[in-house]
Amino acid sequence: MAVAPMDCGAGSISLGHKVLCRFGVPNSSRLRWVGYDRKQRTDQLIARAVSVDRTQLDFSNPDWKTQFQEDFDKRFSLPHLTDVIDVEPRPTTFSLKSRAPLENANGTMQGSWNGYVNDDDRALLKVIKFASPTSAGADCIDPDCSWVEQWVHRAGPRKQIYFEPQYVKAGIVSCGGLCPGLNDVIRQIVLTLEKYGVKNIVGIQHGFRGFFEDHLSEVPLSRHVVQNINLAGGSFLGVSRGGANISDIVDSIQARRLDMLFVLGGNGTHAGANAIHDECRKRKLQVSIVCVPKTIDNDILLMDKTFGFDTAVEAAQRAINSAYIEAHSAFHGIGLVKLMGRSSGFITMHASLSSGQVDICLIPEVPFTVDGPNGVLRHLEHLIETKGFALVCVAEGAGQEYFQKSNATDASGNMVLSDIGVHLQQKIKSHFKDIGVHSDVKYIDPTYMLRAVRANASDAILCTVLGQNAVHGAFAGFSGITTGVCNTHNVYLPIPEVIKSTRFIDPNSRMWHRCLTSTGQPDFH
Ligand SMILES: Nc1ncnc2c1ncn2[C@@H]1O[C@H](COP(=O)(O)OP(=O)(O)O)[C@@H](O)[C@H]1O
Ligand SMILES: O=P(O)(O)OC[C@H]1O[C@](O)(COP(=O)(O)O)[C@@H](O)[C@@H]1O
Ligand SMILES: [Mg+2]
């Protein structure tokens, strides 16, 4: 699958026949190749999506792997309260054997098996040994694509904890947009805190705003209060964008005497939580800041998937199926569905794969032309000629290069996107009119219907695991961390490592290739 050389806007660098695009957070030093020249394919594949600054490594040095691993271990070590303050550990109150005392009279643990996670337990971050940088989806460090073990910290309850549960006050806040499963996570955090023996648990209303808007009072939380909240979508605590004044938030954390803060949110929220963690460290506060990644877009680095994504893909099926029925039943029907996905096309790709009826799948990561002999419109003509109808699924962040750049942002600083769905609908209609071929375009934009629903069964389980692990992480004394699933294993990651950039679909990945095989679409350039 060739990707057309392109201009990625400000920050892109043209190098002869290559274009190096700067993606992700502003001022990030991480670069990703998206345009390519076949001659340069190997170089490009090596440079793409590599989680290390290759310019720092001298591959002729026989010790480069050791250096890489030492650096990796440092980057992925988990910030701990004891890094900046003196605090003694104590035996955990989280007992897996509710009918047996956890300690002997002399204070030692009973038996050799205890079901706790050892601080030295690790999970492998990368599990494929690529034989060549040109292997599908290869993610290499050096030109030979050598195998280098990359271990990250395992999540779960520890034998020793750094807080006295009966004196702990814990807060929970959910930020950003809605996501199916927020209530499941809130509920599990509360249940697990109570299992440790915490009695003072509060919810902060409407995201970071709840810290300083006077009329937003703390919501007392308990098993009784949260028992049934998972039966509905949305967030029991409310959400919001914007309003993250870090110093004010930490003042408020101090004034409320919070010992733990659980922060549910996406990339922006993680950046905010990390800044809160840094400020707490600066003030030498014994406060654990632990995130649970939330986004239907599934665009957080290093994680198999984020909660709510599966549910959103499932919810999208109704829209795609309706568009299919409309298109199939109409004379020369063209169904067009726009799905969420600000920077990444995961929902659109997975929903297209799942449906099996989509003819054209358009995502932000793969540029496409609309007009011309290789454009989307020409392919639609072909589909109408050959099978009589067509179905297009487009991600909201796709094709933004077709619009005049605007600097408009939402309250959180996220770019306000132009409506690619409406644009394509108009283009398709006028194109078929111009060529004198009848077409009947049916456009469906299900937007908020994808995320205002309750979590499905698999997301509900994921939320349960993540919510529990967040609490275990805080009691273990970690702060400035997040929890997720890497290669099916539950891990803790330092926040800066997951917000280095947005997670994108790799156009050279097997999954995108599978999507192309399923839709049968050509390259649109
Ligand atoms: N770089 C940042 N630093 C600090 N706070 C941020 C940053 N980006 C976003 N935030 C705050 O995090 C919250 C959620 O961000 P937003 O981008 O709306 O959602 P998400 O966390 O889902 O990406 C908002 O209150 C926003 O002000
Ligand atoms: O209208 P809102 O609330 O700003 O949300 C729209 C955005 O929310 C999302 O669903 C997810 O964004 P977040 O991860 O930032 O919550 C995007 O796909 C979409 O662009
Ligand atoms: Mg965001």
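Quick caveat: nothing in here was measured; it's all calculated off a predicted structure.

**Q** Just checking my understanding: could you explain the UniProt feature "binding site: ATP" (unreviewed entry) in the protein chain for this structure?
**A** Following the UniProt record, the feature "binding site: ATP" (unreviewed entry) maps to Gly177, Arg241, Gly242, Gly266, Asn267, Gly268 and Thr269 here. Spatially, the listed residues are clustered: although they cover 93 residues, their C-alpha atoms lie within 13.0 Å of one another. Here Gly242 shows up in the loop between α4 (223-226) and α5 (246-256). Once residues lying within four places of it in the same chain are set aside, the contact partners of Thr269 are Cys175, Gly176, Phe208, Val263 and Leu264.

**Q** Which parts of the structure should I look at to understand the site of ligand 1?
**A** The full set close to ligand 1 counts 16 residues, and Arg241, Gly242, Gly266, Thr269 and Ser412 are the nearest of them. For ligand 1, an oxygen atom lies 2.7 Å from a polar atom in the backbone of Gly242. One of the side-chain nitrogen or oxygen atoms of Lys294 is found 3.0 Å away from an oxygen atom of ligand 1. By residue number, the principal contributor to the shell around ligand 1 is helix α6 (residues 267-282), which donates 5 residues. Tallied by class, residues from the shell around ligand 1 come to 3 nonpolar, 11 polar and 2 charged.

**Q** Looking at this structure, how should I read the domain arrangement of the protein chain?
**A** By a frequent convention, interface size equals the accessible area lost on bringing the separate parts together. For the protein chain, the domain assignment lists domain 1 (73-97 + 117-306 + 454-497) and domain 2 (309-450). The straight-line distance from the C-alpha centre of domain 1 to that of domain 2 is 35 Å. Tallying the contact residues gives 15 residues for domain 1 and 16 residues for domain 2. Both sides of the domain 1 and domain 2 interface together cover about 1,300 Å² of buried area, and 48% of this is carbon and sulfur. For the domain 1 face of the interface with domain 2, the top three residues by lost area are Arg241, Ile296 and Asp297, together amounting to 44%. Taken together, the connections running from domain 1 to domain 2 amount to 2 salt bridges. Among the salt bridges present, the one from Asp310 reaches Lys305, with a minimum N-O distance of 2.7 Å.

**Q** Is there a simple way to think about the packing of helix α9 (residues 376-387) against helix α10 (residues 420-434) in this case?
**A** Pairs of packed helices are described in terms of their axes, by the angle between the two and the distance that separates them. Viewed as axis vectors pointing N to C, α9 and α10 meet at an angle of 65°, and their least axial separation amounts to 11 Å. Crossing handedness for the pair α9 and α10: right-handed. Taking contact as the criterion, the partners of Leu377, Leu380, Glu381 and Ile384 in α9 are, on α10, Lys427, Ile428, His431 and Phe432.

**Q** Looking at this model, I keep getting lost on the pattern of salt bridges. Mind explaining?
**A** Pairing between side chains of opposite charge can happen when their charged atoms approach one another. Scanning all chains against the criterion turns up 22 salt bridges. With its nearest N and O atoms 2.6 Å apart, the salt bridge here joins Lys126 to Asp139. Taken together, the residues span a long stretch of sequence, with Lys126 in the loop between β5 (122-124) and β6 (151-154) and Asp139 in the loop between β5 and β6 at a distance of 13 residues. A salt bridge links Asp359 to Lys387; the nearest nitrogen and oxygen atoms lie 2.7 Å apart. You can see Asp359 sitting in the loop between α8 (346-355) and β14 (360-362) and its partner Lys387 sitting in helix α9, a full 28 residues away along the chain.

**Q** Teacher, can you tell me more about the sheet that holds strand β8 (residues 169-174) here?
**A** Backbone hydrogen bonds are what pair the strands of a sheet, in a parallel or an antiparallel way. Strand order in this open sheet of 9 strands is β5-β6-β18-β17-β12-β11-β8-β9-β10, and the pairing throughout is mixed. Both outer strands of the open sheet, β5 and β10 (219-221), are each paired with one neighbouring strand and no more. Between one strand axis and the next, the sheet turns through 35° on average, direction left out of account. Note: strand β12 (residues 288-293) against strand β17 (residues 481-486), 2 bridges, orientation parallel. Pairing of Cys291 across the sheet is with Thr482, part of β17. Together, β11 (260-265), β12 and β17 form the strand contacts of α6, whose direction differs from that of β12 by roughly 170°.

**Q** What should I look at first to understand unusual backbone geometry in this one?
**A** Note: most peptide bonds trans; most residues except glycine with negative phi. Non-glycine residue Cys145 carries a positive phi angle of around 60°. Along the chain, Cys145 falls in the loop between β5 and β6. In this model, Asn298 sits at a positive phi of 60°, which is unusual for a non-glycine residue. With respect to the helices and strands, Asn298 occurs in the loop between β12 and α7 (309-329). Residue Asn298 is classed as buried on the basis of its relative accessible area of 2%.

**Q** Just to check I follow, could you spell out the packing of aromatic side chains for this structure?
**A** Centre-to-centre distance and the angle between the planes together describe a pair of aromatic rings. For the structure on display, the rule yields 9 aromatic pairs. Each ring, one from Phe72 and one from Phe76, has its centre 4.2 Å from the other, and the planes form 20°; the classification is stacked. Judged by centre distance (5.7 Å) and plane angle (70°), the ring pair of Tyr324 and Phe389 falls under edge-to-face. One end of the pair, Tyr324, is in helix α7; the other, Phe389, is in the loop between α9 and β15 (390-395), with 65 residues separating them in the sequence. The two residues Tyr324 and Phe389 agree in class, both being buried. By the ring-pair criterion, three or more aromatic residues cluster together here, those being Phe94, Phe163, Tyr196 and Phe475.

So, how was this worked out
Residues take numbers from 1 onward in each chain, read along the sequence in its written order. Each chain is given a letter, starting from A, and each ligand a number, starting from 1, according to the order in which they appear as written. Residue-level local features of this predicted model are given only where pLDDT is at least 70; pairs of side-chain atoms are given and counted only at 80 or more, and the full residue set underlies all totals for whole chains, interfaces and linings. In computing side-chain values, all of the structure's heavy atoms are included and hydrogens and water are not. UniProt positions are given in the numbering used here, feature names are shortened, and annotations may be inferred rather than shown by experiment. The helix count covers DSSP runs of H or I at least four residues long, the strand count covers runs of E at least two residues long, and both are numbered beginning at the N terminus. It only takes one pair of heavy atoms within 4.5 Å for two residues to be counted as in contact. Being near a molecule or strand, for a residue, means having at least one of its heavy atoms within 4 Å of it. Pairs of N or O atoms are called polar contacts if they sit within 3.5 Å, as long as, within protein, a hydrogen donor faces a hydrogen acceptor (for residues adjacent in sequence, only side-chain-to-side-chain pairs). Polar here means any residue other than Ala, Val, Leu, Ile, Met, Phe, Trp, Tyr, Cys and Pro, which are nonpolar, and Asp, Glu, Lys and Arg, which are charged; Gly is therefore polar. Just so you know, the domain bounds were taken from an automatic or database domain assignment. Summed over both partners, the accessible area (1.4 Å probe) lost when two parts come together is defined as the buried area. In the sections that follow, a salt bridge refers to a side-chain nitrogen of Lys or Arg positioned within 4 Å of a carboxyl oxygen of Asp or Glu. Working convention: axes come from line fits to C-alpha atoms, limited for helices to the stretch in contact. Angles between N-to-C directions cover 0 to 180 degrees. Handedness of a crossing is defined here by the sense of rotation of the near helix relative to the far one, left-handed for an anticlockwise turn of less than a right angle and right-handed for a clockwise turn. Between any two strands, at least two bridges found by DSSP are needed for them to pair. Only protein chains enter the calculation, and the probe is 1.4 Å; a residue is then buried if its accessible area is under 20% of its type maximum, exposed if over 50%, and partly exposed in between. For Phe, Tyr and Trp, where Trp contributes only its six-membered ring, two rings pair if their centres lie within 6.5 Å, and the inter-plane angle classes them as stacked under 30 degrees, edge-to-face over 60, or tilted in between.

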